[in-house]
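A closer look at the structure
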Amino acid sequence: MTALLRAERVSKAFGGVQALSDCTVEVARGSITGLIGPNGSGKTTLFNIITGYERVDAGDVYAGDRKITNAPPERAFALGIGRTFQLTRIFPRLTVMENMLVAAQHRGVRRWHNPLARAGGQADRRRATELLEFTGIAGHAKALADTLSYGQRKLLELAYVLVADPEVVLLDEPAGGVNPSLIQHISARIGALNASGTTFLIVEHNMDFVMGLCDRVTVLDYGTVVASGPPEIIRNDPRVLDAYLGTTEEDDDAPDP
Ligand code: ADP
Ligand code: MG
C-alpha cells in the first residue's frame, strides 16, 4: 500500500553540515509513526522538508502518489499535512480563542474538505471551542496565550493545527518541557485523534511517550536512518542504543521550564 507520506532518499546539507543523507522515511496511513534520534540527527530538518520549509538537495517527498518535493508550505497544508514547531509558534499577545480564530482564517484553502463550514463568525467560534474542549484548555479561552504553561501552549498548538482538519499531523517534541501529568493527557488526546482516523508523525525524546503511543519507530543518527520497526523491536536494537549512547535525555534546545 502507498504510504500516506514518504520521504525518499532525501539529502540536505547546511554549509558543511550534512543534516540528512539518503534518508527514506515512510508514514503509513492511520499510523502513529515515531521519529527519534539524538539532537542534531536531522529530525526537524526532515519535518521542514516534508512541509515545504526547506528544500532538498536530492531525493523526493510524496503525499500518497503525489510528488510534492520542494512544494511551498501552503501546498503541504492544502494537501492536509499539518505540523507543529519544536518551539511553539502561537501568538503570545493574542488570547487563546483569538489564536484559534487566526487558525480558522488560514483554513480557507482547505474549506472544500468540509463544505458545510462557513467562513468566519459563529461556525469558526464553535469549532474553536470544540477543539479547545477536546484538548482540555477551553477554560483558558479568554486568557492571553503567553499566560499558559508550557504544556498548555503545546495543547493550544495541537488545537490550532486541528482547525484545518489535517489528514496527517507532524508533531515536533509534543512532550518536550511538559510536566508528566500533562504528557499523559497529550498522549491520550493523540491516541483519540488517531482512533478517529488522523495519522501522526511524531518527533519526541521521551521514550515512554514514543514507545507507548507509536506503531512504528524510525531512528535517525547523523542524518541517516539506522533502524525502523515496531517499538518493541526498536527499544532493544543495538544500533539504537548506540545512537543514544553518550547523549543525554535532555534536549539542548528545549525551552525553559
Ligand atoms: P534535530 O531536530 O534532530 O535535533 P536538526 O534537523 O534540527 O536536528 O539539525 C540537523 C543538523 O543540521 C544539525 O547539525 C543542525 O545544526 C543543522 N541545521 C539545521 N537547520 C539548520 C540551518 N537552518 N542552518 C544551518 N544548520 C542547520
Ligand atoms: Mg529538532
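This section reports on the structure supplied with the text. A quick note: this is a predicted structure, and the numbers were derived from the prediction, not measured.

**Observations regarding the pattern of salt bridges**
Summed over the entire model, instances satisfying the criterion amount to nine salt bridges. For Asp60, the salt bridge goes to Lys67, with nearest N and O atoms at 3.8 Å. Lys67 gets classed as exposed once you look at its relative accessible area, which sits at 51%. Across the salt bridge formed by Asp237 and Arg239, the nearest N and O atoms sit 2.8 Å from each other. Judged by relative accessible area, which is 10%, Asp237 ranks as buried. Linked by salt bridges that have partners in common, Arg6, Glu8 and Glu26 make up one network.

**Details of the packing of helix H3 (residues 96-106) against helix H5 (residues 150-162)**
For the pair H3 and H5, the least separation of the axes is 8 Å and the interaxial angle reads 30 degrees. Considering the angle they form, H3 stands roughly parallel to H5. Regarding H3 and H5, the two cross each other, and that crossing is right-handed. Side by side, H3 and H5 meet where Val96, Asn99, Met100, Val102, Ala103 and His106 of the first sit next to Leu156, Ala159 and Tyr160 of the second. Counted by class, the contact of H3 with H5 contains seven nonpolar, two polar and no charged residues.

**Considerations on the sheet that holds strand S7 (residues 168-172)**
Pairing is mixed in the open sheet, where six strands are placed in the order S6-S7-S8-S3-S9-S10. The two strands at the open ends of the sheet, each matched to only one other strand, are strand S6 (81-83) and strand S10 (224-229). Between one strand axis and the next, the sheet turns through 15 degrees on average, direction left out of account. Taken together, the four bridges between strand S3 (residues 32-36) and strand S9 (residues 216-221) define a ladder with parallel strand orientation. Bridge pairing in S9 places Ile36 opposite Val219. Of the strands in this sheet, S3, S6, S7, strand S8 (199-203) and S9 touch helix H1 (residues 43-50), which is tilted by about 150 degrees from S7.

**Describing the side chain of Glu204**
Its place among the elements puts Glu204 in the loop between S8 and helix H7 (207-213). Among buried Asp, Glu, Lys and Arg side chains, Glu204 stands out as unpaired, with Lys154 the closest opposite charge at 6.5 Å. Engagement of the side chain of Glu204 in a polar contact is seen with the backbone nitrogen of Ala175, the distance being 2.8 Å. Among the polar contacts listed, one links the side chain of Glu204 to the backbone nitrogen of Asn206, at a separation of 2.9 Å. If we skip the residues at most four places from it in the chain, Glu204 touches Leu35, Ile36, Glu173, Pro174, Ala175, Gly176, Phe209 and Val210.

**What to know about the site of ligand 1**
Taken together, Phe14, Val17, Ala19, Pro38, Asn39, Gly40, Ser41, Gly42, Lys43, Thr44 and Thr45 make up all the residues around ligand 1. In the environment of ligand 1, an oxygen atom lies 3.2 Å from a nitrogen or oxygen atom belonging to the backbone of Ser41. One of the side-chain nitrogen or oxygen atoms of Thr44 is found 2.9 Å away from an oxygen atom of ligand 1. Coverage of ligand 1 by the protein amounts to 63% of the 560 Å² it exposes when considered alone. The element that contributes the greatest number of residues to the shell around ligand 1 is H1, accounting for three residues. Within the shell around ligand 1, the residues separate by chemical class into four nonpolar, six polar and one charged.

**Here we look at the pairing of S10**
Of the strand pairs in this sheet, S9 and S10 are connected by five bridges, and their pairing is antiparallel. Paired with Thr218 across the bridge in S10 is Ser228. Counted between consecutive antiparallel strands, the loop separating S9 from S10 contains two residues, among which Tyr222 sits at a positive phi close to 45 degrees.

**A few points about the layout of surface pockets**
Rolled over the atoms, a probe with the dimensions of a water molecule shows which regions are left empty. Here the largest pocket defines a volume of roughly 560 Å³. Taken together, 22 residues form the lining of the largest pocket, with Tyr53, Phe77, Arg83, Phe85 and Tyr160 sitting closest to its centre. Counting residues per element, the ones that place at least two in the lining of the largest pocket are helix H2 (73-78), S6, H3 and H5.

Here is what the cut-offs are and how they apply
Residues numbered from 1 in each chain as written. Chains lettered and ligands numbered in written order. Predicted model: local features only at pLDDT ≥ 70, side-chain atom pairs only at ≥ 80, totals over all residues. Heavy atoms only, no water. Salt bridge = Lys/Arg side-chain N within 4 Å of Asp/Glu carboxyl O. Buried < 20%, exposed > 50% of the residue type's maximum accessible area, 1.4 Å probe, protein only. Axes fitted to C-alpha atoms, helices over the stretch in contact; angles between N-to-C directions. Helix = DSSP H or I, 4+ residues; strand = E, 2+ residues; numbered from the N terminus. Parallel < 35°, antiparallel > 145°, perpendicular 65-115°, else oblique. Left-handed = near helix turned anticlockwise from the far one by under 90°. Contact = heavy atoms within 4.5 Å. Nonpolar A, V, L, I, M, F, W, Y, C, P; charged D, E, K, R; others polar. Pairing = 2+ DSSP bridges. Lys, Arg positive; Asp, Glu negative; His and termini not counted. Polar contact = N/O pair within 3.5 Å; in protein donor to acceptor, adjacent residues only side chain to side chain. Near = heavy atom within 4 Å. Areas by Shrake-Rupley, 256 points an atom, 1.4 Å probe, with all protein chains shown as cover. 1 Å grid on protein atoms, 1.4 Å probe; cavity = no way out; pocket = protein on both sides within 12 Å on 5 of 7 lines; lining within 4 Å. Points joined across faces, edges and corners; volume = space filled by probe spheres on them.

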